[in-house]
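A look at the structure
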There are 2 protein chains.
Amino acid sequence: MSILLKHVLLNGKQCDIAIRQNRISEIGSGIHGDFETVINGSGKAAFPPFYNMHCHAAMTLLRGIADDMELFDWLNNHIWPAEGRLTPEDIYWGTRLACLEMIKSGTAYFNDMYFHPHETVRAVQDSGIRAAIGMIYLDASPQADLFKRHNSELWEKRNELGDRIRLTYAPHAIYTVEEKTLEQIAELSAEQNVQVHIHLAETAREYADCMDKHNRSPVAYLDSLGLLSKRLLAAHSVHLTDDDVELIREREVHTVFMPCSNYKLSSGKFRFNKLSQSGCHVTFGTDGCASNNNLSMFDEMKFGALAAKLEYGGPTACSSAEIFYAATQAGAEAAGFDAGIIQTGKLADIMLIDLDSPMMVADHNLISNLVYAADSSCVSSLICNGKILMHNRIVEGEKEILEQARKCARHLLGK
Amino acid sequence: MSILLKHVLLNGKQCDIAIRQNRISEIGSGIHGDFETVINGSGKAAFPPFYNMHCHAAMTLLRGIADDMELFDWLNNHIWPAEGRLTPEDIYWGTRLACLEMIKSGTAYFNDMYFHPHETVRAVQDSGIRAAIGMIYLDASPQADLFKRHNSELWEKRNELGDRIRLTYAPHAIYTVEEKTLEQIAELSAEQNVQVHIHLAETAREYADCMDKHNRSPVAYLDSLGLLSKRLLAAHSVHLTDDDVELIREREVHTVFMPCSNYKLSSGKFRFNKLSQSGCHVTFGTDGCASNNNLSMFDEMKFGALAAKLEYGGPTACSSAEIFYAATQAGAEAAGFDAGIIQTGKLADIMLIDLDSPMMVADHNLISNLVYAADSSCVSSLICNGKILMHNRIVEGEKEILEQARKCARHLLGK
């Protein structure tokens, strides 16, 4: 596989980008040679694509099924009953739909936590993007043993997943997973150098309950179990003390900011500038489609920046460059892929932005435009791991994915 | 002009929509007859388009010119110097670009306040959408007399503007327009039945200064001058006491919620549910592109709903139906156009949504999808006043608008 992108705008200059196998082999002007595919990139700008650091991909099937409700009503009477009807087939098509939406909005990777992870793997293999698939631990669930069996089966196949897919240990949260299990995961993660993906300090109740039970904050509790490390992907991280922030910085934990979900569920306010200024790793995620309700990293960047400004720091609280970095390069680093920046030798993950989108004009500052003005309509092409997944907004197999996903969504209503 | 939309989804049912002249002439199944244009609407859903109730359209040329700064630095050192270089030609192409972006994101009307309003009129006439054009009053400006001359010239031509364009009196704000001028505008507005468009209670400083100077809140001050009425379009309305809310309700003022601008400039928090539950008129606007930085009503709806939830009311604070109503029908009512709902006899303003956009699947609740999931990529066609302005995302003259706007944007940098 080889691709030549001609006359594309990169960091303010027009150039050519050559891709061989799955890496960027050359960047320069007037590149010639033998390439299987040559793309005219005039009027397009190349940027690293987004890394969605927390997702429940197949929840696309639950998009709009229930909104504007109290958490307890929403979970008990709508989300959990519908999730109880999810079949492996649903997970496959729901995840395909999620991958389609992510490709169309410039996302090349997602960090997932959901049921039937083998089906998520299959959907990611077929869609062409990158993902970390969580081996879910949910001791509080009657299906906990089934989940553990799925995890073992997945772990057995870990060497057959291909180079786009990683596995993570995915304990759901401190209030649904037993202390003993968390300690085991901490040990396994360290021995095997496998990442851990958890919902952490998402709600005020989680914080209060943890203080009651353990006399420690959720962050300090995880640290006491040996889970706080650079292998930890801590989704939400909304209810943090200053001491928690310091622990997160020291242990090099990757936090995941999800403003849309946090606001929609009224979970709380992520302290973007406190974390960022303290030198913590901050990335962005979308959460699942029941609490957002899309997978657009454009929404997360814009709302994240705006929330950071009004809530804590005023208009200078964060810059568009910082926000774009968190949504791209910081994510790639957290995910452990040698990507996130367009440079010779790096993995060939590239998003092409259509400079003829009205939202990209005027072009005084393209990064500002991407963060504050653009939406998915501005993404014209997506290349992941050296393969073209979307060109001129067309994705292969799109129609079938939509039809199958609609069919799956219907039976979730129990009709 | 006559159009037949076949097999389009409307309120959950497939039907045909017939348009003759500028009105919806029939809605039913199997409509036949002589139509100049027949559109196959299979896989599309019809909704009323958005009404953008506060805008400075030509500021598209300043998109991204300066962000992430304190208000004073931002205005004095970046926005005002660039605005000082704006020519009538710039206003024309900047507004054409704004109209293009609005058409592409499903907006059929905007309520504008900016310089060289005759050029805004010309751009709106050429673009095909609806607008209210503000006759700006800015006593604090050295150019105040020039603005008044422009206003008089525009007023003379008020009967030649066509049926898509209205004029409003647009005093900039209580701190830039003298009391005497505001009183005159109140009288003229009542005599001539012309709307008044003003920035009101946008910042804490405006509120504090008004209390110091007039011993009243900005809202109470405007009421004392006779300006609070159903003819008033009050942009921002962020700093309100409970008494202000009661006055706004009694006087039937139309408030304009602009969450993106309010958050980006850290102006303050609009009390959506207090206003809404009190029975006040709430609409949405985008503000100009320097403080947002786009004209997408999708962003306003989503961020507005999310902000309303976290800030004041929790997850049940507002419903997607309420939010969509505010962005469409409430806007049309505030603007005084007989539109905002798709019904026989109403003005033919229709947005077609592509149900094959991944963000519109699953389709459990299309209004929820529009508010929480969709972006401009989901809008496939826009009809305004019985004319097709966009079909399959193509707008006539697009390329020229982008080229001319880019050219205009360059000289604003003073290069």
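Residues numbered from 1 in each chain as written. Chains lettered and ligands numbered in written order. Predicted model: local features only at pLDDT ≥ 70, side-chain atom pairs only at ≥ 80, totals over all residues. Heavy atoms only, no water.

Observations concerning the domain arrangement of chain A
Residue and element names in this part refer to chain A. Assigned domains of chain A: these are domain 1 (2–48 + 341–396) and domain 2 (50–335). Relative placement of domain 1 and domain 2: their C-alpha centres are 28 Å apart. Each side of the interface is counted separately: domain 1 has 23 residues, and domain 2 has 28 residues. Where domain 1 abuts domain 2, roughly 2100 Å² becomes buried across the two surfaces, and 67% of that area is made up of carbon and sulfur atoms. Summed over the shared surface of domain 1 and domain 2, the result is 1 salt bridge. Arg130 is the salt-bridge partner of Asp349, the closest N and O atoms lying 2.8 Å from each other. Only helix H14 (366–373), strand S15 (379–384) and strand S16 (387–390) provide two or more residues apiece to the side of domain 1 that touches domain 2. With 5 residues, the single largest contributor to the side of domain 1 that touches domain 2 is H14. Tallied by class, residues from the side of domain 1 that touches domain 2 come to 16 nonpolar, 4 polar and 3 charged. (Domains from an automatic or database assignment. Contact = heavy atoms within 4.5 Å. Buried area = accessible area lost by both parts, 1.4 Å probe. Salt bridge = Lys/Arg side-chain N within 4 Å of Asp/Glu carboxyl O. Helix = DSSP H or I, 4+ residues; strand = E, 2+ residues; numbered from the N terminus. Nonpolar A, V, L, I, M, F, W, Y, C, P; charged D, E, K, R; others polar.)

Re the relation of the copies chain A and chain B
Between chain A and chain B, which share one sequence, the superposing operator has a rotation angle of 180° and an axial displacement of 0.0 Å; the RMSD is 0.0 Å. Considering both components of the superposition, the chain copies are consistent with a two-fold axis. In terms of C-alpha distance to the rotation axis, chain A has Ser377 of chain A as its closest residue, with the C-alpha 2.4 Å off the axis. (Least-squares fit on C-alpha atoms with pLDDT ≥ 70 in both.)

Details of unusual backbone geometry
Apart from glycine, the bulk of residues carry a negative phi angle, and the bulk of peptide bonds sit in the trans form. Residues Asn292 of chain B and Asn293 of chain B are joined by a peptide bond in cis, for which omega reads 10°. Considering the arrangement of structural elements, one finds Asn293 of chain B in the loop between strand S13 (281–284) and helix H11 (297–313). One non-glycine residue with positive phi stands out, namely Asn11 of chain A, at about 50°. The phi dihedral of His116 of chain A falls on the positive side, at around 50°, and the residue is not glycine.

Notes on the interface of chain A and chain B
Of the residues lining the interface, 64 residues belong to chain A; the matching set on chain B comes to 64 residues. Each partner contributes to the roughly 5400 Å² buried at the junction of chain A and chain B, and carbon and sulfur atoms together form 58% of this total. Area buried by chain A at its contact with chain B is led by Asp68, Leu310 and His364 of chain A, which between them contribute 14% of it. One can count 10 salt bridges joining chain A with chain B. Asp356 of chain B serves as the salt-bridge partner of Lys399 of chain A, at 2.6 Å between the closest nitrogen and oxygen. Taken together, chain A and chain B are joined by 42 residue pairs in polar contact (both at pLDDT 80 or more). The set of elements that each furnish at least two residues to the side of chain A that touches chain B consists of helix H2 (88–104), helix H9 (259–264), helix H11 (297–313), H14 and helix H15 (398–412) of chain A. Considering each element in turn, the side of chain A that touches chain B owes the most residues, 8 residues, to H11 of chain A. Its residues assigned to classes, the side of chain A that touches chain B comprises 26 nonpolar, 20 polar and 18 charged. (Polar contact = N/O pair within 3.5 Å; in protein donor to acceptor, adjacent residues only side chain to side chain.)

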